[in-house]
Amino acid sequence: MSSVGNRFSLTSFGALYISDVQKEDALSTYRCITKHKYSGETRQSNGARLSVMDPSESSPTILDSFQAGEVYAGQSIELPCIAGGYPSPTVRWLKDGRPLPSDARWTRRLTGLTISDLRQDDSGSYACEVTNSFGSKEVSGQLYVIEYTITWYRNTEPIVPDQHISIQGQHNDTLQITAAQKFHSGAYQCFASRKGHTAQDFSIILLEDGTPRIVSSFSERVVNPGEPFSLMCAAKGAPPPSITWTLDDEPVVRDSTYKTSQYTLSDGLTVSHVNVSSPLIRDGGVYRCVARNSAGSAEYQARINVRGPPRIRPMRDITAVAGRNTYITCRVIGYPYYSIKWLKDGMQLPDNHRQVVFENGTLRLTDVQKGADEGTYLCSVLIQPQVSINQTVHVTVKVPPLIQPFDIPSTSVGKLMYIACVVSSGDMPIRITWHKDGQLIVPGSASGVAIETKEFMSSLQISKVTLKHNGNYTCIASNAAATVSWERQLIVTVPPRFVVQPNNQDCIYGKAGVLNCSVEGYPPPKVMWKHAKGVGNPQQYHPVPLTGRIQIMSNGSLLIRHVLEDDRGYYLCQASNGVGSDISKSMILTVKIPAMITSHPNTTMARKGQTKELNCTARGEQPIIIRWERGDTVIDAERNPRYSITINKKGDEVISTLKVFCLLIVFGSDLSF
């Protein structure tokens, strides 16, 4: 319900409610305007006028009411109950014959009862009772709160939440993927089930990894000296990559000759240009654009020839890394020339499957090997028949470290731990260091770790394992060729133990209650709560059904949002993590019921001289004291012989009977309790 003024309210079902009607309300014209949810089309009703008359005494009448309805859990509903009558009637709400307990989700309004964040235990029979001094009226209806369950699948396999995927919402209705990776691609299905009925829908997610890729580039060409040319390179990636340029492996620096620009479009496409306004022979060669981001890199190259006498720029010696690919560019400038050839030890290349010579004169060595590929390479450019120019380059091959794979077995507190990292190959010298969770380990008493390192091996020793030693351990080996690493997780298992044990507890009916139970251990223990009804020795425990009303908190405690009588009994908090034995502790929950009137005396009339009885029934925690009042005065039956009050107990109920003798005129509305 929304308020459109101090006296005007608009209900959720479109009715306008005016409280405390004034005569000036008859001067206005009232219209209803609707707006289509999807098309946005609006329509306006015909005008209506209000007739305002002087009030006359009358019993209550129900102007708007409810009957029955089904609503999904988690949603909100308004149960309308609008009454007329003079004097203005009072409104009382009942659920299953009892007054509504205190709950912040239930809001009583002039137009009815609003219930937000519906739960299954909100189902039941609701009654609205309106009363004034001339009578009463009641309307009732049944509310059904529908629970449903949602399960998620990817590629027909159930989804298990992890560091990237979480399932959220009261009914698991939201699947959230953070830091999505390419492997998260697939067909996602959600199944909603209720009472044997199932509905499903699906969505296909296609993800690419963030590694840059060149989507548009330039082609090889021949230009004349002084003839301007422009090269463009476009790449996509996540995050958007940056692009750099080289000419014959030398960085292209922005100056009076080279004008470079770069910008990123809204779709993540990065575009870069190199403009050469007045090229000379030296501006020819192999241009390469390289796109890089945190996920990797991609490159493209092509030769631009500037006409003029050919020659070869001096080439720098190259250091290659064994096992990787290496490119060697013949830095020829000028044009025309007939061909570019590569030779090694007098043999023209390629002479094996790992060597490729491209048309632009670039030599690629795949999976470089130290013995086979190390040496001097000769680039020979044929500029005239029988006339060649040559240039040499020396390739040195460095062998990176190779760490022998190792595992770290799980252990428990107080034990010894020895982890060896052995480098089986690589050029010396080799430096070995250890990291834990990305941080360099400093040996000593503070860390509880000792490290012993020799030429090609290093050992990590822990004399007394504690919980703080849990984590990811990385052995890092580096030499002049490369840096490599090997990482494994050390799991220090700790059996569960109680941090806070459950204790016997009292909770108040209708209020929220928390049954404390907190445990620790590693892996983090799983907590399960069980319930046994009754007040004697517990016979059989059953798992506590977790609903919107009852939930296990993050620390293991049990939260009961709205305590009911059936919640009383024995509770068992049980914890396990697969290490050692399970632990458990029981407690008794006592539900204290506040005094509440379950049967009110009816409004009644009596004649002079007649004796009349009025009954009031209450239940709750004993003792219960029922007091009768007439107006603002407490009725004292011991001092006033016109009244007698008797108390009877029936089970857990207390019935108070007020008997009035020799009545003059008594209206039930003059009595309160």
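Please read all numbers here as calculations on a predicted model, not as lab measurements. (Residues numbered from 1 in each chain as written. Predicted model: local features only at pLDDT ≥ 70, side-chain atom pairs only at ≥ 80, totals over all residues. Heavy atoms only, no water.)

As a further point, take the overall build of the protein chain. For the protein chain, the count of helices and strands is one helix and 68 strands. The C-alpha radius of gyration computed for the protein chain amounts to 43 Å, which surpasses the reference 26 Å derived for 673 residues by more than 25%, pointing to a less compact arrangement than a globule. Taken along the three principal axes of its C-alpha coordinates, the protein chain extends 145 × 75 × 45 Å. Across the 673 residues of the protein chain, 38% fall into the buried class. (Helix = DSSP H or I, 4+ residues; strand = E, 2+ residues; numbered from the N terminus. Rg over C-alpha atoms; globule rule 2.2 N^0.38 Å. Buried < 20%, exposed > 50% of the residue type's maximum accessible area, 1.4 Å probe, protein only.)

Core analysis: the largest hydrophobic core is formed by 23 residues, its most contacted members being Ile328, Trp342, Tyr377, Cys379 and Val381. For this core, the elements supplying multiple residues, two or more each, are strand 34 (318–321), strand 37 (339–344), strand 40 (362–365), strand 41 (375–384) and strand 42 (387–398). Here this core takes four residues from strand 41, the largest share from any one element. With near-sequence residues (within four places) excluded, Tyr377 lies in contact with Trp342, Leu343, Lys344, Leu349, Leu363, Leu365, Gln391, Thr392, Val393 and Val395. (Core = buried A, V, L, I, M, F, W, Y, C linked by side-chain atoms within 4.5 Å. Contact = heavy atoms within 4.5 Å.)

A separate point is the side chain of Thr411. Structurally, Thr411 is set in strand 44 (residues 411–412). Judged by its relative accessible area of 9%, Thr411 falls in the buried class. Beyond its immediate stretch of four places on either side in the chain, Thr411 contacts Met417, Val465, Leu490, Ile491, Val492 and Thr493.

The next point concerns the pairing of strand 26 (residues 229–236). With three bridges joining them, strand 24 (residues 213–216) and strand 26 adopt antiparallel strand pairing. Note on strand 26: the bridge partner recorded for Arg213 is Lys236. Here seven bridges tie strand 26 to strand 30 (residues 270–276), and the two strands are oriented antiparallel to one another. Bridged to Ser230 within strand 30 is Asn275. (Pairing = 2+ DSSP bridges.)

Moving on to the state of the cysteines. Chemically, a disulfide is nothing more than a covalent bond linking the sulfur atoms of two cysteines. Counting across every chain of the model gives five disulfides. In this model, Cys81 is linked to Cys128 through a disulfide, with the two sulfur atoms separated by 1.9 Å. Classification of the bridge connecting Cys81 and Cys128 rests on its S-S torsion, roughly -75°, and on that basis the disulfide is left-handed. Here Cys81 is found in the loop between strand 10 (77–80) and strand 11 (82–86), whereas its partner Cys128 is found in strand 16 (residues 124–132), with 47 residues between them in sequence. Per residue, the accessibility class of Cys81 equals that of Cys128, and both read buried. At a sulfur-sulfur separation of 1.9 Å, the disulfide partner of Cys421 is Cys475. Here Cys421 and Cys475 share a disulfide; its torsion about the S-S bond, -80°, makes the bridge left-handed. Placement of Cys421 in strand 45 (residues 417–425) and of Cys475 in strand 50 (residues 471–478) is noted, with a sequence separation of 54 residues between them. Take Cys421 and Cys475: they sit in the same class, and that class is buried. In the protein chain, the bonded cysteines, numbered by position in the sequence, are linked as 1-2, 3-4, 5-6, 7-8, 9-10. Here Cys507 is not cross-linked by a disulfide; its sulfur's nearest cysteine counterpart is in Cys517, at 15 Å. (Disulfide = S-S within 2.5 Å.)

It is worth spelling out unusual backbone geometry at this point. The omega torsion across Leu349 and Pro350 is 5°, close enough to zero to call that bond cis. Looking at the element boundaries, Pro350 is found in the loop between strand 38 (347–348) and strand 39 (355–357). Residue Asp248 is not a glycine yet carries a positive backbone phi of 50°. Summarising the element assignment, Asp248 is placed in the loop between strand 27 (242–247) and strand 28 (250–251). In this structure Asp248 comes out as buried when scored by relative accessible area, which is 0%.

With the rule as written, the count across this model stands at seven aromatic pairs. With centroids separated by 5.6 Å and ring planes inclined at 35°, the aromatic side chains of Phe218 and Trp245 adopt a geometry described as tilted. Taken as a pair, Phe218 in the loop between strand 24 and strand 25 (221–223) and Trp245 in strand 27 lie far apart in primary sequence, 27 residues in all. Neither Phe218 nor Trp245 differs from the other in exposure class; each is buried. Taken together, the aromatic side chains of Phe218, Trp245 and Tyr300 make up a single cluster linked through ring pairs. The aromatic ring of Tyr377 is capped on one face by Lys344, whose charged end is 5.7 Å from the ring centroid. (Phe/Tyr/Trp six-rings, centres within 6.5 Å; stacked < 30°, edge-to-face > 60°. Lys NZ or Arg CZ within 6 Å of the ring centre and 35° of its normal.)

Moving on, we get to the pattern of salt bridges. Two side chains bearing opposite charge may form a pair once their charged atoms approach each other closely. A full pass over the atoms with the stated rule returns 25 salt bridges. A salt bridge links Asp345 to Lys344, with the nearest nitrogen and oxygen atoms 3.3 Å apart. With a relative accessible area of 66%, Asp345 lands in the exposed category. Glu374 serves as the salt-bridge partner of Lys370, at 3.6 Å between the closest nitrogen and oxygen. (Salt bridge = Lys/Arg side-chain N within 4 Å of Asp/Glu carboxyl O.)

Moving on, we get to the sheet that holds strand 18 (residues 149–154). If you walk across this open sheet you meet the four strands as 19-18-22-23, and the pairing is antiparallel. Looking along the sheet, the strands with just one partner apiece sit at the ends: strand 19 (157–158) and strand 23 (197–205). When strand 18 meets strand 22 (residues 186–194), the two strands line up antiparallel, connected through six bridges. Residue pairing for strand 22: Arg154 is matched across the bridge by Tyr188.

Turning to the environment of Gly375, a few remarks are in order. Relative to the helices and strands, Gly375 resides in strand 41. The class for Gly375 is buried, based on a relative accessible area of 14%. Distance from Gly375 to Arg292, taken between C-alpha atoms, is 31 Å for residues 83 residues apart in sequence. Among residues more than four places away in sequence, those in contact with Gly375 are Lys344, Val393, His394 and Val395.

Our focus in this paragraph is the UniProt feature "domain: Ig-like" (unreviewed entry) in the protein chain. Look at the UniProt record and you will see "domain: Ig-like" (unreviewed entry) annotated at residues 60–140, 149–203, 212–305, 310–390, 400–485, 496–590 and 594–630. The span residues 212–305 carries 0% helix and 60% strand; its end-to-end C-alpha distance comes to 28 Å. A helix fraction of 0% and a strand fraction of 38% characterise residues 594–630, whose end C-alpha atoms lie 24 Å from each other. (UniProt positions renumbered as here; feature names shortened; annotations may be inferred.)

So, on to a nonpolar patch on the surface. On the surface, a cluster of nonpolar side chains totalling about 380 Å² of accessible area is made up of Phe202, Ile204 and Leu206. As for its placement among the helices and strands, Ile204 is situated in strand 23. For Ile204, a relative accessible area of 55% puts it in the exposed group. (Patch = residues over 30% accessible without salt bridge, like charges linked within 9 Å, V, L, I, M, F, W, Y side chains within 5 Å. Areas by Shrake-Rupley, 256 points an atom, 1.4 Å probe, with all protein chains shown as cover.)

Before going further, it helps to examine the confidence of the model for the protein chain. The share of residues in the protein chain with pLDDT of 70 or more is 96%, and the mean pLDDT across the chain is 87. Confidence over residues 664–673 falls short of pLDDT 50; this stretch has 30 contacts with residues more than four positions distant or in other chains. (pLDDT = per-residue confidence, 0-100.)

Residue placement: Gln348 occurs in strand 38. Along the backbone, Gln348 and Thr264 are 84 residues apart, and their C-alpha atoms lie at a distance of 44 Å. For Gln348, the residues in contact, after removing those within four places along its chain, are Lys341, Trp342 and Leu343.

With mixed pairing, five strands are arranged side by side in an open sheet as 34-42-41-37-38. Every other strand in the sheet has two partners, leaving strand 34 and strand 38 as the edge strands with one partner each.

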